[in-house]
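Breakdown of the fold
These are the residues of each chain, in order.
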Amino acid sequence: MPTKKVSYKDTVNTPRTDFPMRAGLPEREPEILAHWDEIGLYERIQERNRNGEWFLLHDGPPYANGHIHMGTTLNKVLKDFVVKYKSMCGYRSPYVPGFDCHGLPIEHALFKQLGKSKHDVDRVEFHRMAREFAQEWIGVQTEEFRRLGVLGTWDRPYMTMQPEVEAREIECFGRLYLEGYVYHGLKPTHWCTSCETALAEAEVEYGDKTSPSIYVKFRANAELAKLFGVAGQEACDVLIWTTTPWTLPANVGLAVGEGLDYVAVKAAGETLIVAESALPRLKTELGWQAPQIVGRVKGGRMDGLTARHPFYERDSRVILGSEYVMLDTGSGIIHTAPGHGHEDFIMGRRSKLEVLSPVDEQGRFVADLPLFGGQSVWAANKPIIEHLATNGRLLAASEYAHSYPHCWRCKRPVIFRATPQYFLNVEHNDLRKRALEAIEKTEWIPAYGIKRIGSMVEGRPDWCLSRQRLWGVPVPIFIDTRTGARVLTREILDHLVALVRERGIVVWTEREVKDLLPEGVVLPDGAEPEDLRKEEDILDVWFDSGLTHQTVMGQRPELKFPCELYLEGSDQHRGWFQTSLLTSVALTGRAPFDTVLTHGWTLDEAGEKESKSKGNITSPTEVMKTLGADIIRLWVASVDYTGDVMVGPHVIEQTADSYRKVRNTLRFLLGNLHDFDPARHAVPLGDLSEIDRWALAKLQQLLDEVTKAYERFEFYRVFRRIYTFCVVELSSFYLDVLKDRLYVSAAESPERRSAQTALQHVAETLILMLAPVLAFTAEEAWRALKPGADLASGGAGSVHLEPWPTGNPRWRERVLEAQWDRFDAIRPAIMKRLEELRARKVIGNSLEAEVELLTTNDELAVFLESFEDLAALCIVSKIKVTRITAGETAYATSGLGEPVGDELWVRVERTSGAKCDRCWKYYDALSGSAQHPRVCTRCLAVLEKLGL
């Protein structure tokens, strides 16, 4: 009997670590951020990689007018993944965050605060207020993005309202204007009647709208009626269809397809001209019983003939527009108002039609328009229809639900309105063609992006650059009040650029014309400064951001042109990617990027778009307060961002659960390395146990796959592969098997040091692979793994200053891996039988079981017997391999036996023997020691080493 009672629990090697199970991220992450600031982490990374190969990601600037949301969070965190990974790989990869500062969103917010409109404010004072407003929100967003762990030059971001950026933008605009890319002309553009400004394609969103759908009759003049064989005084009408009755006052034309057949039909007591192929549908829509065709001609023969406007004393001319005439709706004859439609304008210009646009900037008909003057175009739809009905020109009316353009800012329907604007000519100097060639040379991720942007650029109209607003970079052009000519020379441009670089854009508003011109300048056509006035329009904010490849990348010394990557939402195919591409090709002859990567929208858990009005917003700042930034970062890494992604309370909780499993894996690794010094205790590869070599083989395989996924920006594959490795290969098998060796073996024993050697490699590699994603947790874990890695001890000071792991190619042992893969197909059957016994209360702990593996295959028996400790691999006390003949399979399947394939059977039962009080395994006989009679010989040897 022992002379002194020993607590065997105190003799095992229990894990010890300062890395807690409960993350406490909301409290710990700010401490880590403070540490990064203290050591100048971002600057140290840039200094380390200053001679490295370039990999520049250029930031598309978010708008500075509110708190960040999950969409901007998704975008910024994805960018941070890229920059952190590339930096660890040694690339020179600075990140300069940007902010979009001009434009309507800030104007709307300020006008709401002031209770005024753009007509009621002093422009200079408004500029000051707008700048302060933007600066305040830049400060808010900066702290929110930094809180997410995003590294960058947050103390020196770029802002589109910085004087040096504004000056360079004016310089680029002037160059485009002087080189003929920019022209001033009358064209219809999307016009927001609420915001009172023209809009570009990128500023238009499409949403559902219900519009009046009407069929209107234009009385055919004599020559047109005669062409269809309609005699003398007999009435004959040209039938059109429209969903915008308010555009009828501007109608001047009727477009037909040149090669289409048109017929005059008698139906319901009237004679109407329509496209013959539209006739079957019109019969159904209009309820015609038996329409009779009385004449047929090709559309080309109608060219130049006329019909009477339905309520004004003027004619509308038939024109040819085959490419625009659609037959799936309407009559096959298109009501044409060149002042209110892009296609109408093109057709009208080709046929020299007059451009009428009797609508003011607030969407009201001009006061002197007969019948409808002063009315809002939307309100005028009803009286126009009523008037048509009264004068007999309305054939049918109903409602039509369709997709319709809305303003990106106020969300209200827009109109097409012809106004004088500044446009970027996409045909000048083959710009469209060269842009399409640049698209082909760019890598698009996902690959379908090339088709999307290619089709958009191929079919896009000229870009409307001017806006009738206050807060933005001015169009730097003077207008000769004598002639209306636009005035800008290279000399004037250079002077303006210098003024704006010194004072900012407010100089344009503050100063008189004479004070904006260089001294002694000679103006065109003998003009004097007093003959000129300043252009009041400002430039499109998409021009601001679209030019940052020149105003930022091409100007800041730590950046360069072109960059390797643009990364934004997929909606930027029609926005920032296009505006950047067009300006870059025009100014430099190439795209500003080598690769473009896009992500989808954030949706709620029901698949709906997040919206404040719906109350389905997930606030990233609230998640960070309760769970921490790393949970958000892990969510970003867990989703396939190439499509739309879902987020909400349940998704975040699932992410947090995944995080806990990964963290617990790290904690196990760290806890079992507390007494391991790699320099003194590491075991050479050739001396490691077989299972430890298998673990390193799996680790190298993981590293190769994860590195490839990072290179392809497939962060969701990074997450899934690491998560699976932690939960399946490690926690469910390897670490579970190791516990006996780690806890029970002598601390300095070769078998324990072998396991720790493998764990050290696993921990180091795993933490480094996680660093770009779990930026804070990886930092915390690295400190726990390498307490001497801080700067004071001569270390790097941060996991983010460590190089990307390369592992060791020698870890991949293909023969060994194949053997263990073969065993991995057998082990689940054993574990399943153990669970069945546990469920039936036959056993509790799996060490209370013994296993017999029976096989008719000698080679399989030899394979199973080759493992060093088969019982340990299955976490049972005893295991034996038994060869049987084909006639003995009945015994193998009796009782608790179960077949595994055709040649192997598993039998599991409760073991007999005595239990060791220290390791809990069962043995046929224990040590028999007088001092420790209830322990096994292995544990006795450990106790004796401990002097017990």
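Higher on the page you've got the structure.
Attention here is on the structure that accompanies the text.

The rules we used
- Residue numbering note: each chain is counted from 1, following its sequence as written.
- Local features in a predicted model are, by the rule used here, given only for residues with pLDDT of at least 70; side-chain atom pairs are given and counted only at 80 or more, and totals for whole chains, interfaces and linings are based on all residues.
- The side-chain figures draw on all heavy atoms in the structure; neither hydrogens nor water molecules are used.
- Grid spacing is 1 Å over the protein atoms alone, the probe is 1.4 Å, and a cavity is where that probe fits but cannot get out, while a pocket is an open set with protein on both sides within 12 Å along at least five of seven lines and lining residues have an atom within 4 Å of a point.
- Grid points are joined across faces, edges and corners, and a volume is the space filled by probe spheres set on the points.
- Starting at the N terminus, helices and strands are each numbered in turn, a helix being any DSSP run of H or I of at least four residues and a strand any DSSP run of E of at least two.
- DSSP calls a pair of strands paired once it identifies at least 2 bridges connecting them.
- Residues belong to a common nonpolar core when they are buried Ala, Val, Leu, Ile, Met, Phe, Trp, Tyr or Cys residues joined through side-chain atoms within 4.5 Å.
- Any residue under 20% of the maximum accessible area for its type is buried, any over 50% is exposed, and the rest in between are partly exposed; the area is computed with a 1.4 Å probe on protein chains only.
- Should any heavy atoms of two residues lie within 4.5 Å, those residues are considered in contact.
- The length a helix should cover is 1.5 Å for every residue beyond the first.
- Note that the arc is computed from the directions linking the helix axis to the C-beta atoms.

1. As for empty space enclosed by the protein
Counted according to the given criterion, the structure contains 7 cavities of 30 Å³ or more. What the largest cavity holds in volume is close to 130 Å³. Along the wall of the largest cavity there are 15 residues; nearest its centre are Pro 188, Thr 189, Glu 201, Pro 461 and Asp 462. Going through the elements one at a time, β4 (182-192), β16 (415-424) and β18 (463-464) are the ones with two or more residues in the lining of the largest cavity. Counting residues per element, the lining of the largest cavity draws most heavily on β4, at 4 residues.

2. Let's talk about the sheet that holds strand β5 (residues 197-199)
A sheet is described by the order of its strands in space; here 4 strands give the open sequence β5-β4-β16-β18, paired in antiparallel fashion. Edge strands, defined here as strands with exactly one partner in the open sheet, are β5 and β18. Across 10 bridges, the pairing between β4 and β16 is antiparallel. Within β16, the residue paired with Thr 189 across the bridge is Arg 417.

3. Some remarks on the nonpolar core
Counting residues in each nonpolar core, the largest one holds 231 residues, and the members touching the most others are Phe 478, Tyr 734 and Leu 766. Here the element with the most residues in this core is helix α24 (residues 715-744); it accounts for 13 residues. In this view, Tyr 734 contacts Ile 691, Asp 692, Trp 694, Ala 695, Glu 729, Ala 755, Ala 758 and Leu 759; residues no more than four positions away in its chain are not counted. Of all hydrophobic cores here, the second largest spans 56 residues; its members include Val 265, Ala 278, Leu 305 and Val 359.

4. Regarding the sheet that holds strand β17 (residues 443-445)
Overall, parallel pairing links the 4 strands, which are arranged β1-β24-β25-β17 in an open sheet. This sheet does not close on itself; its edge strands, each paired only once, are β1 (57-58) and β17.

5. Some details on unusual backbone geometry
Of note, the amide linkage connecting Ile 445 to Pro 446 takes the cis form, showing an omega dihedral of -5°. By secondary structure assignment, the location of Pro 446 is in the loop between β17 and α12 (449-459). Residue Pro 562 follows Phe 561 across a cis peptide bond; omega there is -5°. Its place among the elements puts Pro 562 in the loop between α17 (548-551) and β24 (563-569). One non-glycine residue, Glu 196, lies in the positive phi region at around 55°. Within the secondary structure, Glu 196 sits in the loop between β4 and β5.

6. Remarks on the environment of Glu 354
By secondary structure assignment, the location of Glu 354 is in the loop between α9 (342-350) and α10 (377-390). Sequence-distant contacts of Glu 354, that is, excluding residues within four places in its chain, are made with Val 252 and Pro 338.

7. What to know about helix α13 (residues 490-503)
A rise of 1.5 Å per residue sets the reference length of α13, with its 14 residues, at 20 Å; its end C-alpha atoms lie 20 Å apart and thus fit the reference within 8%. Residues of α13 that are buried: Ile 492, Leu 493, Leu 496, Val 497, Leu 499 and Val 500. The buried side chains of α13 occupy one side of the element, clustering within an arc of 165° when seen end-on. Where the residues of α13 are buried, they touch α6 (163-178), β20 (478-480), β21 (486-487), α14 (506-510) and α15 (513-516). Looking one or two places after α13, you find Gly 504, whose phi comes out positive at around 85°.

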